[in-house]
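Residue-level structure breakdown
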Amino acid sequence: QVQLVESGGGLVQAGGSLRLSCAVSGSIFTIDTMGWYRQAPRKQRELVATITSGGSTNYADSVKGRFTISRDNGKNTVYLQMNNLKPEDTAVYYCRALIRFKPYWGQGTQVTVSS
């Protein structure tokens, strides 16, 4: 049973920073691409950033230059450093891990940015 547990969300003022973490546990062989997605109220879930097992990254245009994704393969953990946060970044952030071609999702963590 694979589990993803996110942490680090919260309330922050515009211009502030937060760091999200997502730890993967369970029957894991190799974790391929890991990523962060978000879903704002009344909107579809969207990609924020992804990182491959080799460290290649991809970002949504809206977060480039402000967010940084990283991972610690030894700890099966992916991080999202979010700087210069804006009110439009307010959403539930979800962690996703691709393991043996199957996607697994975390339960989500709320990020709220006040203006």
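An account of the accompanying structure is given in this report.

**Some thoughts on the overall build of the protein**
Of regular secondary structure, the protein possesses 0 helices and 11 strands. Going from the N terminus to the C terminus, the protein shows its helices and strands as β-β-β-β-β-β-β-β-β-β-β. Relative to the 2.2 N^0.38 estimate, which gives 13 Å for 115 residues, the radius of gyration of the protein is 13 Å and therefore close to what a compact globule would have. Overall, the C-alpha framework of the protein stretches about 45 × 25 × 25 Å when taken along its three principal axes.

**So, the pattern of salt bridges**
Counted by the stated rule, this structure contains 4 salt bridges. The closest approach of N and O atoms between Arg 38 and Glu 46, which form a salt bridge, is 2.7 Å. On the basis of relative accessibility, which here comes to 6%, the residue Arg 38 falls in the buried class. For Glu 46, a relative accessible area of 37% translates into the label partly exposed. Put simply, Arg 38, Glu 46, Arg 66 and Asp 89 are held in one network by salt bridges that share partners.

**Quick word on the sheet that holds strand β8 (residues 77-82)**
One open sheet holds the 4 strands; their spatial order is β1-β3-β8-β7, and the pairing between them is antiparallel. The outermost strands of the open sheet, each flanked by one partner alone, are β1 (3-7) and β7 (67-72). Each adjacent strand pair in this sheet contributes to an overall mean axis angle of 15 degrees, direction not counted. Sheet analysis places strand β3 (residues 18-25) next to β8, joined by 6 bridges and oriented antiparallel. Of the residues in β8, the one forming a bridge with Arg 19 is Gln 81.

**Brief notes about the nonpolar core**
One finds Trp 36, Leu 80, Met 82 and Tyr 93 to be the most contacted residues of the largest nonpolar core, which totals 30 residues. Elements supplying a minimum of two residues to this core: β3, β4 (31-39), β5 (46-51), β7, β8, β9 (91-99) and β11 (109-114). The leading source of residues in this core is β9, at 5 residues. When sequence neighbours within four positions are dropped, the list of residues in contact with Leu 80 reads Leu 18, Arg 19, Leu 20, Trp 36, Val 48, Ala 49, Phe 67, Thr 68, Ile 69 and Tyr 93.

**Examining the environment of Gly 26**
In this structure, Gly 26 sits in the loop between β3 and β4. Setting aside anything within four residues of it in sequence, one finds Gly 26 in contact with Gln 1 and Val 2.

Parameters and conventions
- Residues numbered from 1 in each chain as written.
- Predicted model: local features only at pLDDT ≥ 70, side-chain atom pairs only at ≥ 80, totals over all residues.
- Heavy atoms only, no water.
- Helix = DSSP H or I, 4+ residues; strand = E, 2+ residues; numbered from the N terminus.
- Rg over C-alpha atoms; globule rule 2.2 N^0.38 Å.
- Salt bridge = Lys/Arg side-chain N within 4 Å of Asp/Glu carboxyl O.
- Buried < 20%, exposed > 50% of the residue type's maximum accessible area, 1.4 Å probe, protein only.
- Pairing = 2+ DSSP bridges.
- Axes fitted to C-alpha atoms, helices over the stretch in contact; angles between N-to-C directions.
- Core = buried A, V, L, I, M, F, W, Y, C linked by side-chain atoms within 4.5 Å.
- Contact = heavy atoms within 4.5 Å.

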